[in-house]
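Here are the chains, one letter per residue:
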Amino acid sequence: MEINWKKIELADREIIQSYYQNEKLRNCEAAFANNYLWAPHYDMVYTVLNGMLVFLVQKETYSVSFPLGQGDLQGTIDGLMAYFEEQGRAFQMHLVSQEQYERLEALYPGRFAIRYDRDVADYVYESEKLITLSGKKLHGKRNHINKFKEMNPDWRYESITDENTAECLKMAQEWRILNGCDEDEEKSAEFCVTLNALQMREELGLTGGLIRAGGRVVAFTLGEPGGGDVFIVHIEKAYADVQGAYPMINQQFVAHEGSGYPYINREEDTGAEGLRKAKLSYQPVMMVEKGIVTLK
């Protein structure tokens, strides 16, 4: 089975995005910029097979995504399994949702197994709740924001533009040093993605926002629309020593850029205890589970 895999290029944005627009996907990977920015770190390529979009990850693991589109799903999966067999590799599919697995089971009863990984499950919130922070459980967030406003009376929110991108890049460089990114491979990769996202914001269709206090940028964030009814926040950076900066950028970005979407995906916690606690504290309305599918 010959498959023409190709690298993800900027010119492919319209093709790839068209598949996401016709799917009700709420996972953070269902967005072009995310694919493009992370592709070099996972040696990820893609193809359109039988009218269906498929990604192949070749670094650390060898695995394909669940085919998206209105084409022949069974024919596509049969072709992918034949390709894996020819490559002498065990068939594996990644980021598979429960609904997608049910479709597999209907086509191949009892043939596949799935293993969900809590560390890569995405946190999804109601946009209105992230803006209003209403209710007892979010009382602490409101307090942090009020404290920030009290300590920084001159604060303001700005959309990221060509005029202030350089300031965000400068802050990102300082954030990298403060957070020891050079000593951690995963942090270093994320920092590289952050720089590219800022520099290629317009080409990738990303929306950004920042918080300024005392004249300087103390927090910034970047995101893009996902599949269906969700807006995805990919990157969020703030100075840890500026009290309330993280809650402030979280709330203001959704209020200014994400209020037109019912749901906000703030990605996974990667198993980091502090990050998990922080993301749970915002009371997610749902978790998007993603599993690894293998042949039994």
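Residues numbered from 1 in each chain as written. Predicted model: local features only at pLDDT ≥ 70, side-chain atom pairs only at ≥ 80, totals over all residues. Heavy atoms only, no water.

## Some points on the nonpolar core
Inference 1: With 60 residues, the main nonpolar core has Ile8 and Phe220 as its most contacted residues.
Inference 2: Discounting chain neighbours no more than four positions away, the residues touching Phe220 are Ile160, Cys168, Met171, Ala172, Thr194, Leu198, Gly209, Leu210, Ile235, Glu236, Lys237 and Ile249.
Inference 3: Residues Ile77, Leu104, Phe112 and Val293 belong to the second largest nonpolar core, which totals 24 residues. (Core = buried A, V, L, I, M, F, W, Y, C linked by side-chain atoms within 4.5 Å. Buried < 20%, exposed > 50% of the residue type's maximum accessible area, 1.4 Å probe, protein only. Contact = heavy atoms within 4.5 Å.)

## Remarks on the packing of helix H6 (residues 139-151) against helix H10 (residues 245-258)
Inference 1: Contact geometry of H6 with H10 gives a least axis separation of 8 Å together with a crossing angle of 105°. One finds that H6 runs roughly perpendicular with respect to H10. Where H6 abuts H10, its residues His144, Ile145, Phe148 and Lys149 lie against Ala245, Pro247, Met248 and Gln251. (Axes fitted to C-alpha atoms, helices over the stretch in contact; angles between N-to-C directions. Helix = DSSP H or I, 4+ residues; strand = E, 2+ residues; numbered from the N terminus. Parallel < 35°, antiparallel > 145°, perpendicular 65-115°, else oblique.)

## Quick look at the environment of Leu95
Inference 1: Residue position: Leu95 is located in strand S5 (residues 92-96).
Inference 2: Along the sequence, Leu95 and Pro247 sit 152 residues apart, while their C-alpha atoms lie 29 Å from each other.
Inference 3: Excluding residues within four positions of it along the chain, Leu95 makes contact with Glu29, Gln100, Lys290 and Gly291.

## Concerning the pattern of salt bridges
Any two side chains of opposite charge can pair, given that their charged atoms come close.
Inference 1: Scanning all chains against the criterion turns up 15 salt bridges.
Inference 2: Between Asp119 and Arg276 there is a salt bridge, and its shortest N-O distance comes to 2.9 Å. In this pair, Asp119 is assigned in the loop between strand S6 (112-116) and strand S7 (122-126) and Arg276 in helix H11 (residues 273-281), connecting sequence segments 157 residues apart.
Inference 3: Using a relative accessible area of 23% as the deciding quantity, one classes Arg276 as partly exposed.
Inference 4: Across the pair Lys170 and Glu174 runs a salt bridge whose closest N-O atoms are separated by 3.1 Å. Taken together, the residues Lys170 and Glu174, both in helix H7 (residues 165-178) and four residues apart, mark about one turn of the helix.
Inference 5: Residue classification places Lys170 among the exposed positions, given a relative accessible area of 54%.
Inference 6: What makes Glu174 partly exposed here is its relative accessible area of 32%.
Inference 7: Among the ionic contacts, a cluster of salt bridges with common partners joins Arg118, Asp119, Asp269 and Arg276. (Salt bridge = Lys/Arg side-chain N within 4 Å of Asp/Glu carboxyl O.)

## A word on unusual backbone geometry
Glycine aside, a negative phi is what most residues show, and trans is what most peptide bonds show.
Inference 1: A positive phi is found at Thr270, a non-glycine position, where the angle reads about 55°.
Inference 2: Here Thr270 shows up in the loop between strand S12 (263-265) and H11.
Inference 3: The exposure class assigned to Thr270 is partly exposed, which follows from its relative accessible area of 42%.
Inference 4: The backbone of Gln283 shows a phi angle near 60°, a positive value even though the residue is not glycine.

## A closer look at the packing of aromatic side chains
Inference 1: Evaluation of the coordinates by the stated rule reveals 12 aromatic pairs.
Inference 2: On the basis of an interplanar angle of 70° and a centroid distance of 5.1 Å, the ring pair of Phe84 and Phe91 is categorised as edge-to-face. Each member of the pair, Phe84 as well as Phe91, is classed as buried.
Inference 3: Geometrically, the ring pair formed by Phe231 and Tyr261 is tilted, given 5.5 Å between the ring centres and 50° between the ring planes. Taken together, the positions of Phe231 in strand S11 (residues 230-238) and Tyr261 in the loop between H10 and S12 put the pair 30 residues apart, joining distant regions of the chain. (Phe/Tyr/Trp six-rings, centres within 6.5 Å; stacked < 30°, edge-to-face > 60°.)

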